Amino acid sequence: MANLLSRYGVWFGFALVLLVAPWVFTSNLSQTMLSQMGIAIIACLSYNLLLGQGGMLSFGHAVYSGMGSYFAIHALNAIGQGHLALPVSVLPLVGGLAGMGFAILLGYVTTKKSGTTFSMITLGMAELVFAMSLMFSEFFGGEAGVSANRVVGEAFMGITFGPQRQVYYLIAFYTFVSVALLYALTQTPLGRMLNAVRDNPERVEFVGYNTQQVRYRAFIIAGFFAGIAGGLGAINFEIVTAEVVGPARSGAYLLFTFLGGATFFFGPILGGILMVLAFVLLSEITKAWLLYLGLVFLFMVVYAPGGLAGLIMMNLRIAKTGALKRLLPSYAGLAVAMGLMLAGAGALVEMIYHLQLNAANGPELPFAGWVLNTDRGSTWGVSLALLSVGLAVFETVRRRFALVWGDIQTEMAQAQPAKEAA
Amino acid sequence: MNAASYSLDIQGLTKQFGKTEIIRGVNLQVTAGERVAIIGPNGAGKSTLFNLISGRFAPSGGSIHLNGHRIDGCKPFEINRMGLSRSFQITNIFPKLSVFENLRCAVLWSLGHRYSCWSFLGNLKDANALAENWMQRIRLTSKRDTLAMNLTYAEQRALEIGITMAGGAEVVLLDEPTAGMNNSETERFIGLIKEVTHGKTLLAVEHDMGVVFGLADKIAVLVYGEIIAFDTPDKVRANARVQEAYLGSLPEDH
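Bear in mind that the values here come from a model prediction, so they are computed numbers and not experimental data.

1. Quick notes on the overall build of chain B
Next, step 1: The helix and strand tally for chain B stands at nine helices and 10 strands.
Next, step 2: Relative to its length of 254 residues, chain B is compact, with a C-alpha radius of gyration of 19 Å against a globular reference of 18 Å.
Next, step 3: Principal-axis analysis of the C-alpha atoms gives chain B an extent of 60 × 40 × 35 Å.
Next, step 4: Here chain B holds 254 residues, and the buried ones make up 45% of them.
Next, step 5: Contacts in chain B between residues at least 24 apart in sequence constitute 65% of all its contacts with a sequence separation of at least 6.

2. Focus on the pairing of strand β3 (residues 364-367) of chain A
All names here are of chain A.
Next, step 1: In terms of strand pairing, β3 meets strand β4 (residues 370-373) through four bridges, oriented antiparallel. Looking at the pairing, Phe367 lines up with Trp370 of β4.
Next, step 2: Where β3 folds back onto β4 in an antiparallel hairpin, the turn is made up of two residues, including Ala368, whose phi is positive at roughly 45°.

3. Description of the domain arrangement of chain A
All names here are of chain A.
Next, step 1: If you check the domain split of chain A, you get domain 1 (2-295) and domain 2 (322-421).
Next, step 2: Between domain 1 and domain 2, the residue contacts involve four residues of the former and four residues of the latter.
Next, step 3: For the side of domain 1 that touches domain 2, a count of residues per class yields two nonpolar, one polar and one charged.

4. Some details on the sheet that holds strand β2 (residues 20-30) of chain B
All names here are of chain B.
Next, step 1: The strand order across the open sheet formed by four strands is β2-β1-β4-β5, and the pairing between neighbours is antiparallel. Lying at the two open borders of the sheet, with one neighbouring strand each, are β2 and β5 (69-70).
Next, step 2: Across two bridges, the pairing between strand β4 (residues 61-66) and β5 is antiparallel. Within β5, the residue paired with His65 across the bridge is Arg70.
Next, step 3: In the packing of helix α1 (residues 46-53) onto the sheet, contacts are made with β1 (8-17), β2 and β4, and the angle to β2 comes to roughly 65°.

5. Re the interface of chain B and chain A
Next, step 1: The interface is formed by 32 residues belonging to chain B together with 24 residues belonging to chain A.
Next, step 2: Here the side of chain B that touches chain A is built from residues that sort into 16 nonpolar, 11 polar and five charged.

6. Thoughts on the nonpolar core
Next, step 1: Ranked by size, the top nonpolar core spans 177 residues in total, and within it Val63, Met193, Ala222 and Phe225 of chain A together with Ile38 and Val221 of chain B carry the most contacts.
Next, step 2: A per-element tally of this core places helix α10 (residues 211-237) of chain A first, with 16 residues.

7. Thoughts on the environment of Val389 of chain A
Next, step 1: Considering the arrangement of structural elements, one finds Val389 of chain A in helix α16 (residues 377-421).
Next, step 2: For Val389 of chain A, a count of 16 C-beta atoms within 10 Å translates into the label partly exposed.

8. Considerations on unusual backbone geometry
All names here are of chain B.
Next, step 1: With phi around 50°, Asn67 is a residue other than glycine that occupies positive phi space.
Next, step 2: By the element assignment, Asn67 lies in the loop between β4 and β5.
Next, step 3: For Asn67, a count of 19 C-beta atoms within 10 Å translates into the label partly exposed.

9. A closer look at the environment of Gln16 of chain B
Next, step 1: Looking at the secondary structure, you find Gln16 of chain B in strand β1.
Next, step 2: Counting along the chain gives 45 residues from Gln16 of chain B to Gly61 of chain B, while the straight-line C-alpha distance between them is 9.0 Å.

10. Here we look at the packing of helix α4 (residues 91-110) of chain A against helix α5 (residues 115-135) of chain A
All names here are of chain A.
Next, step 1: Running from N to C, α4 and α5 cross one another at 140°; their axes reach a closest spacing of 9 Å. Comparing the axis directions of α4 and α5 gives the class oblique. Note that α4 runs across α5; the crossing there is right-handed. Residues Leu106, Val109 and Thr110 of α4 pack against Phe118, Ile121, Thr122 and Met125 of α5.
Next, step 2: Each residue belonging to the contact of α4 with α5 can be placed in one class, and the counts come to five nonpolar, two polar and no charged.

11. Re the confidence of the model for chain A
Next, step 1: In the predicted model, chain A carries a mean pLDDT of 93, and the fraction of residues at 70 or more is 98%.
Next, step 2: Considering each helix and strand of chain A separately, the mean pLDDT is smallest for β4 of chain A, with a value of 86, and largest for α10 of chain A, with 98.

12. Quick notes on the sheet that holds strand β6 (residues 84-86) of chain B
Residue and element names in this part refer to chain B.
Next, step 1: Read from one edge to the other, the open sheet built from six strands follows the order β6-β7-β8-β3-β9-β10, with strand pairing classed as mixed. Two strands bound the open sheet, and with one partner strand each, they are β6 and β10 (226-231). Within the sheet, the average angular offset between the axes of one strand and its neighbour, ignoring direction, is 15°.
Next, step 2: Together, β3 (35-39), β6, β7 (171-175), β8 (201-205) and β9 (218-223) form the strand contacts of α1, whose direction differs from that of β7 by roughly 150°.

13. Thoughts on the environment of Lys287 of chain A
Residue and element names in this part refer to chain A.
Next, step 1: Along the polypeptide, Lys287 turns up in the loop between α12 (267-285) and α13 (289-303).
Next, step 2: On the basis of neighbour counts, which here come to 15 C-beta atoms within 10 Å, the residue Lys287 falls in the partly exposed class.
Next, step 3: Here the alpha-carbon distance between Lys287 and Lys320, two residues 33 residues apart in the chain, equals 42 Å.
Next, step 4: Setting aside residues no more than four positions away along its own chain, Lys287 makes contact with Tyr353 and Leu357.

Rules behind the numbers
- Along each chain, numbering runs from 1 in the same order as the chain's sequence is written.
- A letter from A marks each chain and a number from 1 marks each ligand, given out in the order of writing.
- Only residues with pLDDT of 70 or above have their local features reported here, since the model is predicted, and side-chain atom pairs are shown and tallied only from 80 upward, although totals for entire chains, interfaces and linings are computed over all residues.
- Helical segments are the DSSP runs of H or I of at least four residues, strand segments are the runs of E of at least two, and each set is numbered from the N terminus.
- With C-alpha atoms as the basis for the radius of gyration, the globule rule is written as 2.2 Å multiplied by the number of residues raised to the power 0.38.
- With C-beta atoms placed from the backbone, the exposure class of a residue follows from how many other C-beta atoms lie within 10 Å of its own: 20 or more, buried; 12 or fewer, exposed; in between, partly exposed.
- A pair of residues counts as a contact when their C-beta atoms, built from backbone coordinates, are separated by no more than 7 Å.
- We call two strands paired when DSSP finds no fewer than two bridges between them.
- Start and end points for every domain follow an automatic or database-based domain assignment.
- Under this grouping Gly is polar, as are all residues other than the nonpolar Ala, Val, Leu, Ile, Met, Phe, Trp, Tyr, Cys and Pro and the charged Asp, Glu, Lys and Arg.
- Only the stretch in contact is used when a helix axis is fitted, and all axes are lines through C-alpha atoms; the angle between N-to-C directions ranges over 0 to 180 degrees.
- The term nonpolar core refers to a set of buried Ala, Val, Leu, Ile, Met, Phe, Trp, Tyr and Cys residues connected through C-beta atoms within 7 Å.
- Each angle is binned into one of four classes, with values under 35 degrees roughly parallel, values over 145 roughly antiparallel, values of 65 to 115 roughly perpendicular, and all other values oblique.
- With the far helix as reference, a near helix turned anticlockwise by less than a right angle produces a left-handed crossing, and one turned clockwise produces a right-handed crossing.
- On a scale of 0 to 100, pLDDT captures the predictor's confidence in every residue.

Shown next as structure tokens:
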């Protein structure tokens, strides 16, 4: 039992979190967000099968999740009209098969190449499908999209999928199974050879593997799980519009998978959660949310290319050696610097947005408990000063941090052989 | 003799890059179990010859047969599946995978696990045992979980050989296996190579003459894209054309 727990403890924990989450966060908003998080987690993990596991930078992953959404919503309508006898709970599989079908079709061309050429072809495919979505309004529903009613068919043991909580549990079930399957995949010959193809495709060809086949198969699997996410989205929102296959959605998968951390399996799970927090909460707080998101992305690419998961894992490693307390002053300094920069830059951005969009409402706008006045030079001056001081503090602390960090890494590297010898 | 009786049979092989002809009609027949060293001055086309045999480049003309099967123009993985494996002059391993994972990747196809996504690596007893076995043979067991990029140069060279041999190919091409090693390392390494390539058909590009005479049954001398001598070490040493080539006074017309 203890053995079982240590081996599968993480999975029990994950299942438990999925089960109790809607009883902890009970508001309507949080239930919708939890549902969306499950969907985003599957989508980001399937994307990371390409990016993190296979080194394939795709700019068109939304094609597969989006086509999954469309096929699922049409199937849902067919069920409603009595043309199709399927329970609503298997609709995500319809989406999955659609995503897989398109991955088989388009991926055959896409995965013939790797690297930059691969990225370019995915971009072309994404544009192609998005353009088609505007041409074939019969299938894609034009501007209005395709809507459906998920409360169809016989209720099974009282489950109608009417209440959001029931939908949440359907999504949670698919999330758990998808995460488990995608993790299992990393432990199979195909999963390992996919890593090998990412690291050194040339050598892979000289140990008997066709790199193109490895990429193609991974692409098909990624398409399947993207389609599942899409199918769940169709059930959750009961409407599908052309933006689900659009370039912005593909970009979001890339951005949040990277923010979560592409180098660790659990990174995209964090990414999926972040995606929903940003799309639902951040967009409520400020109109300039995309700008902030872009800045955060920029910061991460430059300073923490391993994403959130990378940051967590590196600090955990240091914490194990007990050296983390040496970094704490720097972390405190970084937090102060970030706070200053955020206050300064935030005030500037909000004032500029206010001038552009809401100037008619007068010069005053609320900002984190204060009132900013776009007519007063002092407000601009103080904001600018905050930003400058913040930047200066950041640069100073960053240098110190880099020194301490470097020292700790060296010490850890030196401790390694000593341990091996012992 | 017909093609099938040789492990490797190369006839009239040519390769041009643009207008430059690098390989100019190479003929070479290697019988099973023979150990052949390929020597020649810099730029003679030794590495190109290996790239043609192993499928990295497609030849411009001529033919290559591996155990009677025609392989020129085949893809590297197809040639590898037919039983020919190669190592690289510049270390070519999986830098972000551990030593054990590197070797396991090298044995998966040959054990028939193909693109399997329904069996766990941890349960593949044959692949794990074989990878462990090769880790011992190349003396890297103590580095089992070290990432390949963190190995010393000599260890990486050993891993390079391990990856090449672990798939069980009967014909093995080693491209300057001792490149970049000092004398004592080279000596130890040659011992290792002899050990792990025992019984295999071996072709090795080598610069170190000590290594060449210690390792090879036969020596092929490649000069300006042609094999000017292919014989036992003693006879090659006595060959006038070879001496000329190695003294640096190549014949003006050849």
